[in-house]
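Overview (structure and organization)
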Amino acid sequence: KTITKFPQLISSISLEEKLKPQVQWLKDLGMDNSQVAKTITTFPNLMGYSLEENLKSKVNTLHAHGFTDKQIVKVRSTFPALLGLSSKRWS
């Protein structure tokens, strides 16, 4: 379903170089397989973001504001686009 909606994911995202590390990082954050799948299907643009420059820095910003990984995963479950927001808006 996600590929049908966003076919550019196939051509723009390398499975080995980008997608697998991002999926593993989401799991390391505390997401289970169903939460990772929901994240990808509800906010597929996330898979196009830079892991180092974008996603990890946003989670680090949330950590700096006192959020735990468990809280981030819970909020992300309610608001899938959380990691897509500009972290400048969080200050």
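Residues numbered from 1 in each chain as written. Predicted model: local features only at pLDDT ≥ 70, side-chain atom pairs only at ≥ 80, totals over all residues. Heavy atoms only, no water.

1. A look at the overall build of the chain
For the chain, the helix and strand inventory stands at six helices and zero strands. Per-residue burial for the chain yields a buried fraction of 30% across its 91 residues. Of all intrachain contacts in the chain linking residues separated by at least 6 positions in sequence, the fraction that spans at least 24 positions is 67%. (Helix = DSSP H or I, 4+ residues; strand = E, 2+ residues; numbered from the N terminus. Buried < 20%, exposed > 50% of the residue type's maximum accessible area, 1.4 Å probe, protein only. Contact = heavy atoms within 4.5 Å.)

2. A few points about a nonpolar patch on the surface
Judged by side-chain polarity, F67, V75 and F79 come together as a nonpolar surface patch covering roughly 240 Å² of accessible area. Mapped onto the fold, V75 is located in helix α6 (residues 69-78). What makes V75 partly exposed here is its relative accessible area of 34%. (Patch = residues over 30% accessible without salt bridge, like charges linked within 9 Å, V, L, I, M, F, W, Y side chains within 5 Å. Areas by Shrake-Rupley, 256 points an atom, 1.4 Å probe, with all protein chains shown as cover. Salt bridge = Lys/Arg side-chain N within 4 Å of Asp/Glu carboxyl O.)

3. A look at the packing of helix α4 (residues 33-42) against α6
Between α4 and α6, the shortest axis-to-axis distance is 10 Å and the interhelical angle comes to 45°. Taken as axis vectors, α4 and α6 run oblique relative to one another. α4 and α6 meet at a crossing whose hand is left-handed. From α4, Q35, K38, T39 and T42 reach across to α6, where they touch V73, R76 and S77. A breakdown of the residues in the contact of α4 with α6 according to their chemical character gives one nonpolar, four polar and two charged. (Axes fitted to C-alpha atoms, helices over the stretch in contact; angles between N-to-C directions. Parallel < 35°, antiparallel > 145°, perpendicular 65-115°, else oblique. Left-handed = near helix turned anticlockwise from the far one by under 90°. Nonpolar A, V, L, I, M, F, W, Y, C, P; charged D, E, K, R; others polar.)

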